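Chain and residue survey
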Amino acid sequence: MNDLIIIGGGPAGVAAAVYAARKQLKTVLIAEEIGGQSTVSEGIENWIGSPKIHGQELAKSFRAHLDAVKGDIVTLVLGERVAALAAADGGFSATTKTGKEFSAKAVLIATGAGRRKLAIPGADKFENKGVTYCASCDGPLFGGMDVAVVGGGNAGFETALQLLAYAKSVTLLHRHKDFKADAVTIEKARAHPNMHILAHVEPTEVTGEQFVTGLKYLDKDSGETKELAVSGIFVEAGVIPNTDFAAGLVALDPIQRITVDPHNQRASIDGVWAAGDCTDELYHQNNIAAGDGVKALEDIYLWIKKQ
Ligand SMILES: Cc1cc2nc3c(=O)[nH]c(=O)nc-3n(C[C@H](O)[C@H](O)[C@H](O)COP(=O)(O)OP(=O)(O)OC[C@H]3O[C@@H](n4cnc5c(N)ncnc54)[C@H](O)[C@@H]3O)c2cc1C
């Protein structure tokens, strides 16, 4: 049996795997890919030690670090998605979607999170044809056009500010009367002459033929349905943790994040740890995810030595 299964190849999983290799814990790292969420980013400016790094370069550096230390201690199983995780024979077994099974004494879940999709008619049909989930990837394609941002949190306002550099106009739609974003960010956006903000509205339909031409929404104050003429719709409606496969095994909070002890990243049952954006950690950043992975691994090492 392996000592450890790490599920996930973002900063949390990779940092833990590097430490596992150095501590000689027999480990299997299962991940769809190495790099994680920010591989799509054109420029990460806060990864400590790199003033600016492209997401793809960050992913390459993760892979290079793994290759340099893994030897025959850490096995990489890539291109696989874990579909089930269960307690088995004094340890745990992880089964992938393609039916491969791996077992270990301990498990570290580092599966991060994915974007919450816009669940209205037309949103799926026009994904990548005007509906997008990544402003830093697709923003420049909408230069000189009218675009909408759905979501009134920090991510929504930051996306709007980013888009104002290229777009003719940016209209941000928020479903509540009050915004969740920081006051400074909201004020910065409001001050821009090409920025429009619609509060207390609900998007209802994406319209278009081949590409997006509009976004219908319900004005909750007047009860009227209106339509914005836009070519791009940037969705910033929050994230969904990738924890479905662990739901029956460990405790999750009301928004499906794995609850952990922040001192050591332990989940609710002995032998399972979680790190990064899949946990109820308050802040979602690469450095934090990597730190959580390291913290978990230090604790896993001591736990395994006591078994
Ligand atoms: C567009 C964008 C830009 C960002 N820019 C920055 C930035 O500039 N600075 C910053 O600090 N943070 C940034 N972030 C946030 C940062 O990317 C995350 O906080 C960080 O990636 C979280 O790391 P993680 O290891 O917890 O999870 P993730 O990076 O989400 O990695 C999860 C890993 O698990 C794998 N996985 C998921 N489910 C399964 C499964 N069932 N089976 C197997 N593998 C699975 C995935 O393939 C991936 O390898 C950005 C995020 C986005 C989306």
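Since this is a predicted model, take the numbers as computed values, not measurements.

**Overview of the sheet that holds strand 14 (residues 225-229)**
Reading across the sheet, the three strands line up as 12-13-14 and stay open at both edges, with antiparallel pairing between neighbours. Each of the sheet's edge strands pairs with one partner strand only, and the pair in question is strand 12 (201-208) and strand 14. Taken over all neighbouring pairs, the strand axes of this sheet differ in orientation by 25° on average, direction set aside. Two elements, strand 12 and strand 13 (residues 212-219), share seven bridges in a ladder whose sense is antiparallel.

**Structural notes on the domain arrangement of the protein**
According to the domain assignment, the protein consists of domain 1 (2-115 + 239-306) and domain 2 (131-235). Each of domain 1 and domain 2 has a C-alpha centre, and the two are 34 Å apart. The interface of domain 1 with domain 2 comprises four residues on the first partner and four residues on the second. For the side of domain 1 that touches domain 2, the residue count by class is one nonpolar, one polar and two charged.

**Quick word on unusual backbone geometry**
Phi at glutamine 24 is positive, roughly 60°, even though this residue is not glycine. The residue glutamine 24 is located in the loop between helix 1 (11-22) and strand 2 (27-31) in this model. For glutamine 24, a count of 12 C-beta atoms within 10 Å corresponds to the exposed category. Positive phi is not limited to glycine here, since aspartate 89 has a value of about 50°.

About the criteria used
Residues numbered from 1 in each chain as written. Predicted model: local features only at pLDDT ≥ 70, side-chain atom pairs only at ≥ 80, totals over all residues. Pairing = 2+ DSSP bridges. Helix = DSSP H or I, 4+ residues; strand = E, 2+ residues; numbered from the N terminus. Axes fitted to C-alpha atoms, helices over the stretch in contact; angles between N-to-C directions. Domains from an automatic or database assignment. Contact = placed C-beta atoms within 7 Å. Nonpolar A, V, L, I, M, F, W, Y, C, P; charged D, E, K, R; others polar. Buried ≥ 20, exposed ≤ 12 C-beta atoms within 10 Å, placed from the backbone.

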